[in-house]
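Analysis of the macromolecular model
Listed below are the residues making up each chain.
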Amino acid sequence: MDRATRLFDCIPIQAQKPQPDLLNAKINGVWKAYSTAEVHDKVYQLAAALLRMGISTGDGTTEGRDKIGLVSSGRPEWLIVDLAVQLVGAVLVPLYPNSSLKEIEQILIEAEVKCIFVSDTELCSKVSAIKDHVPSLKAIFSFDDVSECINWSTLLKNVTDTERSEIDKISVNVTEDDVTTIIFTSGTTGRPKGVMLTHKNIVSNVSASSLILGQIPVEQKKALSFLPLNHIFEKMCTYIYLFNGFSIHYAESMDTIGANMKEAQPYIFTAVPRLLEKVFEKIMIEGNKLTGIKRNIFLWSIKVAEQFENTGRSAWYNIKLAIADKLVYSKWRAAIGGNVKAIIVGSSACPIRLERIFTAAGMVVMQGYGLTETSPVIAVNQYDPYKRKFGTVGPLLSDVEVKIAEDGEILTKGPNVMAGYYKNPELTAEVIEDGWFHTGDIGELDSNGFLKITDRKKEIFKTSGGKYVAPVPIENRMKESPLIEQMMVIGAERKFTSALIVPSYPNLKLWCDQNKLKYLSHKQIIDEPQVQALFQSIVEGFNKEFNHVEQVKKITLMPDEWTIDGGELTPTGKMKRRIIMDKYKNEIERMYTSDIGSVSVTH
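Residues numbered from 1 in each chain as written. Predicted model: local features only at pLDDT ≥ 70, side-chain atom pairs only at ≥ 80, totals over all residues. Heavy atoms only, no water.

1. Remarks on the overall build of the protein
A count of helical and extended segments in the protein gives 20 helices and 27 strands. Computed over its C-alpha atoms, the radius of gyration of the protein comes to 25 Å, within 12% of the 25 Å expected for a compact globule of 603 residues. Seen through its C-alpha atoms, the protein measures out along the principal axes to roughly 75 × 55 × 50 Å. Burial statistics for the protein: of 603 residues in total, 56% are counted as buried. Within the protein, contacts between residues separated by at least 24 positions form 66% of all contacts whose residues are at least 6 apart in sequence. Roughly 25,500 Å² of accessible area belongs to the protein as shown, and the carbon and sulfur atoms make up 52% of that amount. Both charge centroids of the protein, one from 70 positive and one from 73 negative side chains, sit 5 Å from each other. (Helix = DSSP H or I, 4+ residues; strand = E, 2+ residues; numbered from the N terminus. Rg over C-alpha atoms; globule rule 2.2 N^0.38 Å. Buried < 20%, exposed > 50% of the residue type's maximum accessible area, 1.4 Å probe, protein only. Contact = heavy atoms within 4.5 Å. Areas by Shrake-Rupley, 256 points an atom, 1.4 Å probe, with all protein chains shown as cover. Lys, Arg positive; Asp, Glu negative; His and termini not counted. Charge placed at Lys NZ, Arg CZ, Asp CG, Glu CD.)

Put into structure tokens, the structure is as follows:
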């Protein structure tokens, strides 16, 4: 990577060591491998097609360069479009597949997208419905066969020498400082912002992260991808793979991840904490079905994993760990292909308990931290046990600087910091001062250089008594209970702190079975006094760890999980606090008009 300055510089690097299975995806239930040569041919064929369509660099400015939209789940075609757009000096505008119609229309208009690629019938219908409202949009192309859209394969024709020469002439003039993509952040509040990222921004992150990737002992360079590729976390990690000789397998869907892992047998994958929570939930459900000595061994192995430390373990503990690995953890790894060495976790805070358990089981959780505006990684826990610490997001990347402002906000500077917000210099000036990007997160650097995130600046609230409360540490700690799935702490301008809690219903059902409590439905079970008393006791147990004003005095149990489709979560799984508060304003009000210490439910 020493010579790489643009993302598409991965092409000549890959050509030196071509692979038969650079990209892999399932088509009609069968894995299809795309070789290095096939991928590169398609990239150039599409680049030539874009030029034939009149896609150009305009006057060379970000505003002047043509914009190409892309809304699709992860698949080989996504990367082929990305690389082709780069080669002709255009700018990619990727969108989340689950974006609302209004948000898609808003982004396409603001970015003046000229043509867009979609994956399937549903997305083609979505974009077609708003096409007439987007004056700049001239064409929609689909990866799947869709009657209403032009199939992208019709664009892929043999590249003439003249076309190849023209592509090379354009690409050689693309510099590291040119904007390669505009990623519109979904955000937990407000209007999406178009984050402009240059080749240098992302390549610097790829280069520094590649050194960390090199620590992971893999027999085969094989990764599984299932997070949205338009999220900079997954895109940047994808380019780490592409620059370092990895083959990538794309999961069919979020529902088939387990099966696809077993088939692809990856050594590494990226994930959000929510996925690990779901995986561990399934592990616990299966483990609790065991009886006799097998169940006792399973529960013992969980306790061993919960005590795991990265370094300084005693000889006796290591013996217990080896036994637990032989009897239990090895079966977990086998269930997801048997090869996983590391799980790169980002997007939101990972519960420390899960970090310990998965790492103890030989699947090292490498939690990192960053934002779309920082391409994204600022810090990350590494595979080296001396360069990772539970409860932190790891040491800083080699070319990234961080300082803590007087109010505790994390400020960062480096080649990874964005070029700015598209068509919004005022907002850019608000977050970047003298080269320092204001993250909006509160944190601290410890004496060993590990960064710890304590809260979001905008999420800290003040009670009516004038005391400040940081909700995220409270939520993260209490969610370590296997019975709490989701939680939102409330209390701005109120007399005390309260919380909405979504129980982990699979684990709650197990508890009900063990306590001979009839379970008919979510709504019925949270009405049960025993269940309400259970959650009150869980919260009271955790309350001892917090000061008086932070202690949760009142809770409401929710019958339904918060989801992206339900509107309570962003596409990356973060809570939309304002939306949740507005949606459940009656339930929240009820908590502040009833007795402290009682439990409410909502129907």
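2. Notes on the environment of Lys157
Along the chain, the position of Lys157 falls in the loop between strand 7 (150–151) and helix 6 (161–172). Separated by 112 residues in the primary sequence, Lys157 and Gln45 place their C-alpha atoms 5.8 Å from one another. When neighbours within four sequence positions are excluded, Lys157 is seen to be in contact with Gln45 and Arg52.

3. Re the sheet that holds strand 11 (residues 247–250)
If you walk across this open sheet you meet the eight strands as 2-1-11-10-12-13-14-15, and the pairing is mixed. At either margin of the open sheet sits one strand with a lone partner, and together these are strand 2 (30–34) and strand 15 (377–380). Taken pair by pair, the neighbouring strands of this sheet meet at an average axis angle of 25°, ignoring direction. (Pairing = 2+ DSSP bridges. Axes fitted to C-alpha atoms, helices over the stretch in contact; angles between N-to-C directions.)

4. Section: the pattern of salt bridges
By the definition in use, this model includes 31 salt bridges. Notably, a salt bridge pairs Asp446 with Lys389, separated by 2.8 Å at the nearest N-O pair. You can see Asp446 sitting in the loop between strand 20 (436–445) and strand 21 (451–456) and its partner Lys389 sitting in the loop between strand 15 and strand 16 (401–404), a full 57 residues away along the chain. Its relative accessible area of 29% is what places Lys389 among the partly exposed residues. (Salt bridge = Lys/Arg side-chain N within 4 Å of Asp/Glu carboxyl O.)

5. Considerations on the state of the cysteines
Within this structure, the stated rule accounts for one disulfide. Looking at Cys10, it has no disulfide partner, and the nearest cysteine sulfur is the one in Cys237, 15 Å off. (Disulfide = S-S within 2.5 Å.)

6. So, helix 13 (residues 352–360)
Because each turn of an α-helix spans 3.6 residues, side chains separated by three or four positions in sequence point in the same direction. Where burial is concerned, most of helix 13 is hidden: eight out of the nine residues are buried. Buried residues along helix 13 sit against helix 10 (273–288), helix 11 (292–306), helix 12 (315–335), strand 13 (342–345) and strand 14 (364–370). Gly362 sits one or two residues past helix 13 and shows a positive phi near 90°.

7. Some thoughts on the nonpolar core
Soluble globular proteins tend to pack their nonpolar side chains together in the buried interior. Within the largest apolar cluster, 126 residues are counted, with the highest numbers of intra-cluster contacts made by Leu46, Phe117, Phe226 and Trp332. In terms of residue count, the dominant contributor to this core is helix 8 (residues 232–243) (nine residues). Contacts of Phe226, omitting those with residues within four sequence positions, involve Glu234, Ala251, Met254, Ile257, Met261, Phe269, Thr270, Ala271 and Leu275. Counting residues in hydrophobic clusters, the runner-up holds 42 residues, among them Leu483, Tyr505, Phe542 and Phe546. (Core = buried A, V, L, I, M, F, W, Y, C linked by side-chain atoms within 4.5 Å.)

8. A short note on the pairing of strand 9 (residues 193–198)
Among the six residues in strand 9, five count as buried, and that is most of the element. In the sheet, strand 8 (residues 179–185) pairs with strand 9 via six bridges, with the strands oriented antiparallel. Across the sheet, Thr185 pairs through a bridge with Lys193, a residue of strand 9. Taken together, the two bridges between strand 9 and strand 18 (residues 420–421) define a ladder with antiparallel strand orientation. Bridging across to strand 18, Met196 finds its partner in Gly420.

9. A look at a nonpolar patch on the surface
Taken together, the side chains of Trp300, Trp316, Ile319, Ile323 and Leu327 present a nonpolar region at the surface, about 490 Å² in accessible area. With respect to the helices and strands, Trp316 occurs in helix 12. Here Trp316 falls in the exposed class, since its relative accessible area comes to 58%. (Patch = residues over 30% accessible without salt bridge, like charges linked within 9 Å, V, L, I, M, F, W, Y side chains within 5 Å.)

10. Digging into the packing of helix 7 (residues 199–213) against helix 8
The N-to-C vectors of helix 7 and helix 8 enclose an angle of 65°; their axes lie 9 Å apart at closest approach. Of the two elements, helix 7 crosses helix 8, and the hand of that crossing is right-handed. Counting all contacts with helix 7, which are made through Ile202, Asn205, Val206, Ser209, Ser210 and Leu213, the residues of helix 8 involved are Ile232, Met236, Tyr239, Ile240 and Phe243. Here the residues of the contact of helix 7 with helix 8 are counted per class, giving eight nonpolar, three polar and no charged. (Left-handed = near helix turned anticlockwise from the far one by under 90°. Nonpolar A, V, L, I, M, F, W, Y, C, P; charged D, E, K, R; others polar.)

11. Notes on the packing of aromatic side chains
With the rule as written, the count across this model stands at eight aromatic pairs. With a centroid separation of 5.3 Å and an interplanar angle of 80°, the aromatic rings of Phe143 and Trp152 are classed as edge-to-face. Classification of Phe143 by relative accessible area gives buried; the value is 6%. According to the relative accessible area criterion, Trp152 is buried, its value standing at 6%. Within the aromatic cluster, the residues linked to one another by ring pairs are Phe117, Phe141, Phe143 and Trp152. Lying across the ring of Tyr34, Lys32 places its NZ or CZ 4.6 Å from the centre. (Phe/Tyr/Trp six-rings, centres within 6.5 Å; stacked < 30°, edge-to-face > 60°. Lys NZ or Arg CZ within 6 Å of the ring centre and 35° of its normal.)

12. Let's talk about the side chain of Arg65
Looking at where Arg65 falls in the secondary structure, it is placed in the loop between helix 2 (36–52) and strand 3 (67–71). Classification of Arg65 as buried rests on a relative accessible area of 9%. In this view, Arg65 contacts Ser56, Thr57, Gly60, Gly89, Val91 and Asp178; residues no more than four positions away in its chain are not counted.

13. Notes on unusual backbone geometry
Note the cis peptide between Ser375 and Pro376, where omega equals -10°. You can see Pro376 is positioned in the loop between strand 14 and strand 15. The phi dihedral of Ser375 is positive, around 70°, even though this residue is not glycine. Structurally, the position occupied by Ser375 is in the loop between strand 14 and strand 15. Ser375 sits in the buried class, given a relative accessible area of 0%. Positive phi, normally seen in glycine, also occurs at Asp434, with a value near 55°.

14. Description of the environment of Lys26
For Lys26, the location among the structural elements is in strand 1 (residues 23–27). Taking C-alpha positions, Lys26 is 8.8 Å from His249, a pair spaced 223 residues apart along the chain. Excluding anything up to four places from it in sequence, Lys26 contacts Trp31, Glu252, Asn260 and Glu263. Engagement of the side chain of Lys26 in a polar contact is seen with the side chain of Glu263, the distance being 2.9 Å. (Polar contact = N/O pair within 3.5 Å; in protein donor to acceptor, adjacent residues only side chain to side chain.)

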